[in-house]
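Inside the fold
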Amino acid sequence: MRIQLPAAIQTPLINAVGRLEINFDPSVGVRRIKRHGWSWKRDAQYAFMGALAVFSLTVMAQPFLFKVFLVTVYTLGLLIPFTGQFVLPATPIFCWLILFYSAQFIPRDYRPHIWVSVLPTLETVLYGANISDILTRFTNPVLDIVAWLPYGVMHFVIPFVVAALLFVFAPPGAVKFWGAAFGYVNIVGVTIQILFPCAPPWYELRNGLVPANYLMKGSPGGLARIDKIFGGHGYDSTFSNAPVPFGAFPSLHAGCATLEALFLSHFFPRGRPFYWTYVFILYWSTMYLTHHYLIDLVAGGSLSCAYFYYYLSRMPDELRHPTGASVHYSNGDALPDDPEAALDSHNFGGWGGSVGGDDDDGFELPEANTGLMRDNSIDVEGAPYRSSKGV
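What you see is a predicted model, and the numbers here were worked out from it, not measured in a lab.

Digging into the overall build of the protein
When its secondary structure is counted, the protein shows 20 helices and 0 strands. Expressed as a percentage of its 391 residues, the buried residues of the protein come to 51%. Element-wise, carbon and sulfur atoms account for 67% of the exposed surface of the protein, whose accessible area totals about 18600 Å².

Let's talk about a nonpolar patch on the surface
On the surface, Leu149, Val153, Met154, Phe156, Val157, Val161 and Leu165 cluster together into a nonpolar patch covering about 530 Å² of accessible area. Mapped onto the fold, Val161 is located in helix 9 (residues 141-169).

Here's the deal with the layout of surface pockets
Taken as a whole, the largest pocket encloses approximately 1400 Å³ of empty space. If you trace the largest pocket, you find 50 residues lining it, with Trp96, Leu97, His155, Phe156 and Phe182 closest to the centre. Of all the secondary structure elements, the ones that give two or more residues to the lining of the largest pocket are helix 5 (81-87), helix 6 (91-102), helix 9, helix 10 (174-195), helix 13 (234-240), helix 14 (252-267) and helix 20 (372-376). For the lining of the largest pocket, the leading source of residues is helix 9, giving 10 residues. Looking at side-chain class alone, the lining of the largest pocket contains 34 nonpolar, 14 polar and 2 charged residues. Both of domain 1 (1-35 + 43-88) and domain 2 (110-321) provide at least three residues apiece to the lining of the largest pocket. Counted as a void, the second largest pocket has a volume near 620 Å³. For the second largest pocket, the lining is made up of 24 residues, of which Ala53, Leu70, Val71, Tyr74 and Phe94 are closest to its centre. Considering every element that reaches the lining of the second largest pocket, the biggest residue donor is helix 4 (residues 64-79), with 7 residues.

Comments concerning the packing of helix 14 against helix 16 (residues 294-314)
Closest axis-to-axis distance for the helix 14/helix 16 pair is 7 Å, and the angle between their directions is 35°. Taken as a pair, helix 14 and helix 16 cross one another with a handedness that is right-handed. Together, Ala254, Gly255, Cys256, Thr258, Leu259, Leu262, Phe263 and His266 of helix 14 and Leu297, Gly300, Gly301, Ser304, Cys305, Phe308, Tyr309 and Leu312 of helix 16 make up the contact between the two elements. Of the residues belonging to the contact of helix 14 with helix 16, the class tally is 10 nonpolar, 6 polar and no charged.

Here we look at the UniProt feature "transmembrane region" (unreviewed entry) in the protein
Those places that UniProt annotates as "transmembrane region" (unreviewed entry) correspond, in this numbering, to residues 44-66, 78-101, 113-131, 151-170, 177-196 and 293-312. As annotated, residues 78-101 has a helix share of 83% and a strand share of 0%, and its two end C-alpha atoms lie 22 Å apart. As annotated, residues 177-196 comprises 95% helix and 0% strand, and the C-alpha atoms at either end are separated by 28 Å.

Describing the environment of Val161
The exposure class of Val161 is partly exposed, given its relative accessible area of 39%. Sequence-wise, Val161 and Glu260 are 99 residues apart; in three dimensions their C-alpha atoms are separated by 9.6 Å.

Brief notes about helix 4
Helix length check: helix 4, at 16 residues, gives a terminal C-alpha distance of 23 Å against a target of 22 Å (1.5 Å per residue), a fit within 8%. Within helix 4 the residues assigned to the buried category are Lys67, Gly77, Leu78 and Leu79. Elements that come into contact with the buried residues of helix 4 comprise helix 2 (26-35), helix 3 (40-59) and helix 5.

Side note on helix 3
Between the first and last C-alpha of helix 3 there are 27 Å, a value that for 20 residues agrees with the 28 Å anticipated at 1.5 Å per step. Looking at helix 3, one finds that the buried residues are Asp43, Gln45, Tyr46, Met49, Leu52, Ser56, Leu57 and Val59. Residues of helix 3 that are buried make contact with helix 4, helix 6 and helix 10.

Topic: the confidence of the model for the protein
Detailed reading of the predicted coordinates is not advisable wherever pLDDT falls low. Scored by pLDDT, the protein has a mean of 82; 82% of the residues are at 70 or more. A low-confidence stretch, residues 324-391 stays under pLDDT 50, and its non-local contacts, those more than four residues away or across chains, total 174 contacts.

A word on the side chain of Asp296
When you line up the elements, Asp296 lands in helix 16. Arg206 provides the closest opposite charge to the buried, unpaired Asp296, separated from it by 15 Å. A distance of 2.7 Å separates the side chain of Asp296 from the backbone nitrogen of Tyr293, its partner in a polar contact. Setting aside chain neighbours within four positions, we find Asp296 in contact with Leu119, Ala248, Phe249, Pro250 and Ser251.

Observations concerning the nonpolar core
Within the largest apolar cluster, 53 residues are counted, with the highest numbers of intra-cluster contacts made by Leu166, Leu259, Phe263 and Phe267. Of all elements in the fold, only helix 3, helix 6, helix 9, helix 10, helix 14, helix 15 (272-288) and helix 16 reach the threshold of two or more residues within this core. When residues of this core are assigned to domains, at least three map to each of domain 1 (1-35 + 43-88) and domain 2 (110-321). Every residue in contact with Phe267, bar those within four places of it in the chain, is listed here: Leu166, Ala170, Pro171, Ala174, Met315, Leu319 and Pro322. One finds Tyr151, Leu223, Ile226 and Tyr288 within the second-largest nonpolar core, a separate group that totals 8 residues.

Cut-offs applied
Residues numbered from 1 in each chain as written. Predicted model: local features only at pLDDT ≥ 70, side-chain atom pairs only at ≥ 80, totals over all residues. Heavy atoms only, no water. Helix = DSSP H or I, 4+ residues; strand = E, 2+ residues; numbered from the N terminus. Buried < 20%, exposed > 50% of the residue type's maximum accessible area, 1.4 Å probe, protein only. Areas by Shrake-Rupley, 256 points an atom, 1.4 Å probe, with all protein chains shown as cover. Patch = residues over 30% accessible without salt bridge, like charges linked within 9 Å, V, L, I, M, F, W, Y side chains within 5 Å. Salt bridge = Lys/Arg side-chain N within 4 Å of Asp/Glu carboxyl O. 1 Å grid on protein atoms, 1.4 Å probe; cavity = no way out; pocket = protein on both sides within 12 Å on 5 of 7 lines; lining within 4 Å. Points joined across faces, edges and corners; volume = space filled by probe spheres on them. Nonpolar A, V, L, I, M, F, W, Y, C, P; charged D, E, K, R; others polar. Domains from an automatic or database assignment. Axes fitted to C-alpha atoms, helices over the stretch in contact; angles between N-to-C directions. Left-handed = near helix turned anticlockwise from the far one by under 90°. Contact = heavy atoms within 4.5 Å. UniProt positions renumbered as here; feature names shortened; annotations may be inferred. Expected span 1.5 Å × (residues − 1). pLDDT = per-residue confidence, 0-100. Lys, Arg positive; Asp, Glu negative; His and termini not counted. Polar contact = N/O pair within 3.5 Å; in protein donor to acceptor, adjacent residues only side chain to side chain. Core = buried A, V, L, I, M, F, W, Y, C linked by side-chain atoms within 4.5 Å.

Now the structure itself:
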């Protein structure tokens, strides 16, 4: 049986796939890097992420060959044009993941003091009560499942859904800003958690206000009830060995949900009630499951707002004001006469020199893929893959 997708989905999906560069020759990536006009103002972010990766790999207590394997896989993924168009925009996300994992290996002598009473005290002073404590006083299996779905399932799935929606239905280039904002929100959040470690509500319930130390294991909090419902020990094992057990502030669950809602609201405003309903349910679930105080959620949400509006200010007009633009760009009928010049006017330069410049490697995309230049010639502070046609 043949399944026919609606035209509203099929057309933008075909156009999105058509923008992909189908080339697996790593030498093309090498030539593009050589041609890239490096400048500190535009490319300092790559130096920062490189330094962060070196630090993470240095403290990581894993075999040297494993570290070499990680670097090799990333480098190959970056150089191969087909994978590079995904790997480069996702580099901030990879940096966050490796930083988060490596945090557990930082020597205890260099780690800061763990703050146990700061968050509940601030919450009581600012909001008049310990809101998270109030929300945990009544629990039942139905509420446990309702809290678990956004906190333990949707939190890990929705970032990929947002990326897919932006790639297919939003104006070309939107997914690059999503990757950068999502990655840097999490990098900054984990860095704060490492430098300003704070005990979550489950610690107060389990240990009171007794001083904490880095020999203490994490706890699944209310997610232990989910283990009990399903007859497993997954969450107990995961949180007991968490790389950052005292990472209550800021809440990156709240930060990610807020950023997802902001991007979706900007590009697909009709669904705003659904996006923000999910956000507020997730906010509640983090407190109900004893993983965050209200002030953690405010901090995580504020961090996401700051990064969203920063990147919004750097978007070209077709992304900053996308009303109707997704239709024009997805069907390919209303593109600018000179999209390369239009995008370059916003100083979104990239690897391979100026837009439309002559290359000496003779590499050109097949005509069917020329739409990729419209997607990948937009860069977040400067470095998409591009060929002689601007890719």
